[in-house]
Amino acid sequence: MQIDANAVKWDSPDSPTSIDTNAVQWDEAPRPGSTSENFISSTGEKQDFSSLGQQTAAPAQEAAPQQKRGLVQELGRQVGLTARYGLEGAGQAAEVFTEPVAALMRGAGIPTAPTGQAASGLADAIGLPQPENQTERVVGDMSRFLAGAGGMAGAARGAAGAMQAGPLQRAVQSMAAAPGLQMAGAAGAGLGAGMARENGGGAGAQLAAGLAGGVAAGVGVNGLVQGARAGLNSANVLMPARANRAEQQIVQAMQRVGVDWEDVPNHIRQGLQADVQDALRTGKGLDGDALARLMEFRTVGATPTRGTLTLDPGQITREQNLARTGVNSTDPALHGLSQVQHSNNQALIDSLNRMGAGTADDAVTAGEKLMGTLQRGVDAERGGVNALYAQARDSQGRSFPLDGHSFTTTASRLLDDNLLGGALPQGVQTHLNRIAQGEVPFTVDYAEQLKTAIGKLQRSTHDGQTRMALGLVRQALDETPVMGLGSAGPAAGARAVGGNQVYAGGAEIGEQAVAAFSRARLANATMMKRIERIPGLKAVYEGSATPDDFIQRHIVSRTAKAADVGALATELKRTDPAAMDVVRSSIAQHLKTAAMGAASDEMGKFSASGYNRAMLALGPRKMQAFFTKEEITQLKAVGKVAQYTTAQPAGSAVNNSNTGAMLAGHGLDFLDRLTSKVPMVGDIVQGAVRGRQQAQALDVGPALVRQQARQEAQRGQTPCMTFGALMAAMEDEQ
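Notes on the structure in this doc start here. Sequence order as written defines residue numbering, which begins from 1 separately in each chain. In keeping with the predicted nature of the model, local features appear solely for residues at pLDDT of at least 70, side-chain atom pairs appear and are counted solely at 80 or more, and the whole-chain, interface and lining totals rest on all residues. Water and hydrogen atoms play no part in the side-chain values, which are based on all heavy atoms of the structure.

### Overview of the overall build of the protein
A count of helical and extended segments in the protein gives 28 helices and 8 strands. Remark: exposure states derive from per-residue accessible area (1.4 Å probe, protein chains only) relative to the maximum for the residue type, with buried under 20%, exposed over 50%, and partly exposed in between. Within the protein, buried positions represent 38% of all 734 residues. Looking at the protein alone, contacts between residues at least 24 apart form 70% of all its contacts between residues at least 6 apart. Note on areas: Shrake-Rupley, 1.4 Å probe, and residue coverage restricted to the protein chains presented here. Total accessible area on the protein is roughly 40600 Å²; 56% of this is exposed by carbon and sulfur atoms. Comment: elements are numbered from the N terminus, with helices defined as DSSP H or I runs of at least four residues and strands as E runs of at least two. Pairs of residues are marked as contacts when any of their non-hydrogen atoms sit within 4.5 Å.

### Describing the nonpolar core
Residues grouped as a nonpolar core are buried Ala, Val, Leu, Ile, Met, Phe, Trp, Tyr and Cys residues, joined through side-chain atoms within 4.5 Å. Core analysis: the largest hydrophobic core is formed by 78 residues, its most contacted members being Leu 291, Ile 555, Phe 606 and Phe 626. Setting aside its immediate chain neighbours within four residues, Leu 291 contacts Ile 250, Ala 253, Met 254, Leu 272, Val 276, Leu 286 and Leu 704. Membership of the second largest hydrophobic core comes to 33 residues, among which are Phe 407, Leu 432, Ala 476 and Leu 477.

### Regarding unusual backbone geometry
Residues apart from glycine generally show negative phi values, whereas peptide bonds are mostly found in trans. Of note, the phi angle at Leu 311 is positive, near 55°, even though the residue is not glycine. Tracing the backbone shows Leu 311 in the loop between α10 (306-310) and α11 (313-327). Residue classification places Leu 311 among the partly exposed residues on the basis of a relative accessible area of 26%. Even without a glycine there, the phi angle at Leu 419 is positive, about 55°.

### Thoughts on helix α12 (residues 336-354)
Here α12 is 19 residues long and its end C-alpha atoms lie 26 Å apart, about the 27 Å a rise of 1.5 Å per residue gives. Those residues of α12 that fall on the buried side of the exposure criterion are Gly 336, Leu 337, Ser 338, Val 340, Asn 344, Asn 345, Ala 347, Leu 348, Ile 349, Ser 351, Leu 352 and Asn 353. Of the residues trailing α12, Gly 356 is marked for its positive phi of about 120°. By definition here, a helix of n residues has an expected span of 1.5 Å times n minus one.

### Points about the packing of aromatic side chains
Aromatic pairs are defined between Phe, Tyr and Trp rings, using the six-membered ring for Trp, whenever the two ring centres lie within 6.5 Å; interplanar angles under 30 degrees are classed as stacked, those over 60 as edge-to-face, and all others as tilted. Counted under the stated rule, the structure contains 4 aromatic pairs. Relative to Tyr 644, the ring of Phe 297 lies with its centre 6.2 Å away and its plane at 25°, an arrangement referred to as stacked. Highlighted residues: Phe 297 in helix α9 (residues 288-300) and Tyr 644 in helix α24 (residues 629-646), separated in sequence by 347 residues. Given the relative accessible area of 0%, Phe 297 is considered buried. You can call Tyr 644 buried: its relative accessible area is 14%. Taken together, the ring pairs connect Phe 407, Phe 442 and Tyr 446 into an aromatic cluster.

### Section: the side chain of Thr 299
Along the chain, the position of Thr 299 falls in helix α9. By relative accessible area, which is 16% here, Thr 299 ends up buried.

### Thoughts on the pattern of salt bridges
Basic side-chain nitrogens of Lys or Arg form a salt bridge, by our definition, when they fall within 4 Å of a carboxyl oxygen of Asp or Glu. Across all of its chains, the model carries 15 salt bridges by this definition. For Asp 361, the salt bridge goes to Lys 369, with nearest N and O atoms at 2.8 Å. Since its relative accessible area comes to 29%, Asp 361 is described here as partly exposed. For Glu 381, the salt bridge goes to Arg 530, with nearest N and O atoms at 2.0 Å. Taken as a pair, Glu 381 in helix α13 (residues 363-393) and Arg 530 in helix α18 (residues 507-533) lie far apart in primary sequence, 149 residues in all. When salt bridges with common partners are traced through the structure, they connect Glu 381, Arg 530, Glu 571 and Arg 574 into a single cluster.

Right, here's the structure in full:
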């Protein structure tokens, strides 16, 4: 306002006593508290000053009007204010721990200032700026509360880590919990209390406003956090839920076609789940057969097409003819399907190479390795048998006499009872007569030699009665007791028996010798029984095997029985497990040769029929003898994928002569040349042809749903949209 100095009446020269209010000119508005509570400002807005007249006391004294500062000065001031607020907030937070001690010190007459007050004094001492207006004071309240809450939470976290487990630690941990929410609530409390103070509120009003602000801020931030967390959780849950639904449908679809989802390797599962999620967007169920075919493609590492998964004659016809049409064109961009067929052929070859076909030995080398392994096993076992025989022959009781009368009597009775007296070979009958007459020393050693001779005769004869007669004599030998010579001890009763000095009381020594020979004979019989049971091992033992055809004759051939091959695999694994790798590689090479002949990997064309015939000839039991379950699945998948990629089911109309495809390919070249003169048209036509040829065939998602859903999806497509598709359709009609 402006005051006319001439209108002022002075009581004295030193002091004014009254002012003529009529001489006062107001620039904008009446004085606060005047009778006019409202006025119209120069901007035309009605201003309300009624609340100012209701203030009972002025709030904190405003500082002198601040001088204008530059940008750099103002930034520096704000940094200083932030430092003050942080220092004062930390000091106030520390009072929770320091005030109990300070109170005791004050009670003892020692003046002690609160840490918050000390922090303010320190801020003044180092020259930190002070707030100058209401906004800065309220921001200061918020900052001090915020710094105090953060410091308190950090201190509580550190203290809880240093405490032992118990109620006190749990209480301190609760003080450190959710620091973000604590700091938000503290800032809200500072805001509420500061605003109440600046508007003239007393201590009670400030406390109530601080509580309300703290609760509101905490609830608001918590709501935001929970909302964001819920959003993230919904996104994170949605994807696993979608994946779980896909996996459930996969399991059910696989069960319908007899495939156990648990047996599928993890890396293949992940790829199938991604494919199925796309297919399930149609809302239809899965086609288990198509899904199983897709799994086999993934197992081999080949690229499926819609036709190879559905085996739909019409789709296969279009794909095969389009591939031929495109490859007959000079445009590389139209060779997409033919390149897929080429890469699939290579994937089948590579799959067998990974199974060992690429590093397999030639037939002779592989045969030599296997025969050498078997021979080492036979030699080791034969050495053990010879050692037992040597131990028996070196025993003291090997020359101990047996009861010859008991032996010959028992043998004659067994032969007569079975009417086999005339079936006994003459040489054995002669030995029986000489033993009965005492012409030969019938000792343990002699009896063992006779058993060996009888065993050879049994194996060499084909006469059943002769074998039975020899067996009865062998039974009598086994039952023959050691002759007892008394029990006077080694110093008494010595006498000569068969040219050897035998002592009384030696029956036990003789029985030990008989037992030693029995152990050696049993070990030899066990070895020979196993050799006789495994044709490949028997051929190695007898020296009749040849390395050139050993694998072919004793493993791969149809004449090799599955049981014999399994026993041979067990023998190889027992002797040298590394020999199994030789067999696996040789079998993989055998299958590869059946599929490709003598062609190289670069030039060979995989024959599904040749490969599957070889697999069928081997049979599952032979495969199980050398390969794991996963490896067998891999080999089976190779045969199935080979069929799918070359299948031409009944009802298909593939132009195998290639004449129509060649004409269509030339037509595409002509179209390219023709449309290239009109750039936009050329790009559109060529792009449509290429997209139609490749995108539709390689989009396998629609192939995974059930047949009805596929038909509904295909009805929504416009057939023959491109020149390439039109040429293929015309070719089909021809």
